[in-house]
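Examination of the molecular architecture
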Amino acid sequence: EPSLLKLFASEAIANNDYAQAAQYFQQRIAMNRGSADLWSEYGSFCMLVSNLPKAEECFKQAIACDQHHVPSLLLFGIVSNLSSRFEQAETFLEAASAQDPQAIEPWVIIGLHYEASSENGSNRNAMDMSFRKAEALYTRDQPKISLALPKLSASKTSLMSKDTRISSRDGLINSKQIGSTTGTLAEMAEVAELEEEEKRLVGPAEGLTTSQVSLRSEAIDVCEEVQLNKSTAKSIFMITAEFLLERNALTFAGMALGH
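Here goes a summary of the coordinates provided.

What counts, and at which threshold
- Residues numbered from 1 in each chain as written.
- Predicted model: local features only at pLDDT ≥ 70, side-chain atom pairs only at ≥ 80, totals over all residues.
- Heavy atoms only, no water.
- Phe/Tyr/Trp six-rings, centres within 6.5 Å; stacked < 30°, edge-to-face > 60°.
- Helix = DSSP H or I, 4+ residues; strand = E, 2+ residues; numbered from the N terminus.
- Salt bridge = Lys/Arg side-chain N within 4 Å of Asp/Glu carboxyl O.
- Core = buried A, V, L, I, M, F, W, Y, C linked by side-chain atoms within 4.5 Å.
- Buried < 20%, exposed > 50% of the residue type's maximum accessible area, 1.4 Å probe, protein only.
- Contact = heavy atoms within 4.5 Å.
- Polar contact = N/O pair within 3.5 Å; in protein donor to acceptor, adjacent residues only side chain to side chain.
- Expected span 1.5 Å × (residues − 1).
- Arc of directions from axis to C-beta.

The next subject is the packing of aromatic side chains. Throughout the structure, instances matching the rule amount to six aromatic pairs. Aromatic pair F8 and Y24: ring centres 5.7 Å apart, planes at 50°, arrangement tilted. Of the two residues, F8 sits in helix α1 (residues 2-14) while Y24 sits in helix α2 (residues 18-31), which places them 16 residues apart along the sequence. Taking 6.0 Å as the distance between ring centres and 15° as the angle between the ring planes, the aromatic pair formed by F25 and Y42 counts as stacked. On the criterion of sequence distance, the pair formed by F25 in helix α2 and Y42 in helix α3 (residues 36-48) is long-range, its members being 17 residues apart.

This part is about the pattern of salt bridges. In total, this model carries six salt bridges according to the counting rule given. Ionic pairing is found between R247 and E246, a salt bridge with its closest N-O pair at 3.2 Å. In this structure, a network of salt bridges that share partners links the residues K6, R28 and E41.

With that settled, consider the nonpolar core. Counting residues in each nonpolar core, the largest one holds 51 residues, and the members touching the most others are Y42, M47, I78, I104, V108, I109 and L244. Each residue touching Y42, except ones within four places of it in the same chain, is listed here: A22, F25, Q26, I29, K54 and C58.

What follows concerns the side chain of N248. Its place among the elements puts N248 in the loop between α13 (236-246) and α14 (250-257). Polar contacts involving the side chain of N248 include one to the main-chain carbonyl oxygen of S44, which spans 3.0 Å. Setting aside residues up to four positions removed in sequence, N248 forms contacts with S44, F45, M47 and L48.

The terminal C-alpha atoms of α1, which comprises 13 residues, lie 18 Å apart, in line with the 18 Å expected from a rise of 1.5 Å per residue. Burial in α1 covers these residues: L5, A9 and A12. What you see down the axis of α1 is that its buried residues fit within an arc of 60°, all on one side. Those residues of α1 that are buried lie in contact with α2. Downstream of α1 by one or two residues, N16 has phi in the positive range, about 60°.

Given below as structure tokens:
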């Protein structure tokens, strides 16, 4: 059973018994020599033990089994880069991005390839373009906060009419013009963001009704949640580093984490 052999291989690796682990990977391939996944996983193991020629052979076999196997295309490109065959690396990395143009990892790895192969910044523009493409895909995939947060009740949103002004300890800040019955927590967060200079009020502000204080407190809570989501969001480099670490492409993973 390939899955069981993979478990045995993982245990052998944990015990630093790499020879035994290699045997398990080879046994898995013997069960299905036409599996791109099995060849690719064996290649990743070979990268762990720094056997680049064997890793290259495995990724080449994986691509022979499936020319659209994106992980193997990327890893073969990485091995080519590490072997200073930069044109070959570029060919396979671009092939991977062509197979899955909406994926972030290929574009970041292409950028890292240009960074690693650049002499005196000669590939700087190509590197920056690749990273910008990945950033654009990442930004597009982020959910809008208004889709994730529930609507306020009409009684609460009515307080957010066009003429509403929100008082602070230091003065008055005009709220944005928000419809009286269609406000969302995201819109409230925008109001809270206008009060950046205020240090998260915890008590009633002078001149506000109890309902307005409650509304304001809720808006501040949402703003804090938005900021927390921003701070915990993975960057394109963290996403790519995870992909690389899982496949033992440690040199490129270190480059990604360096960003």
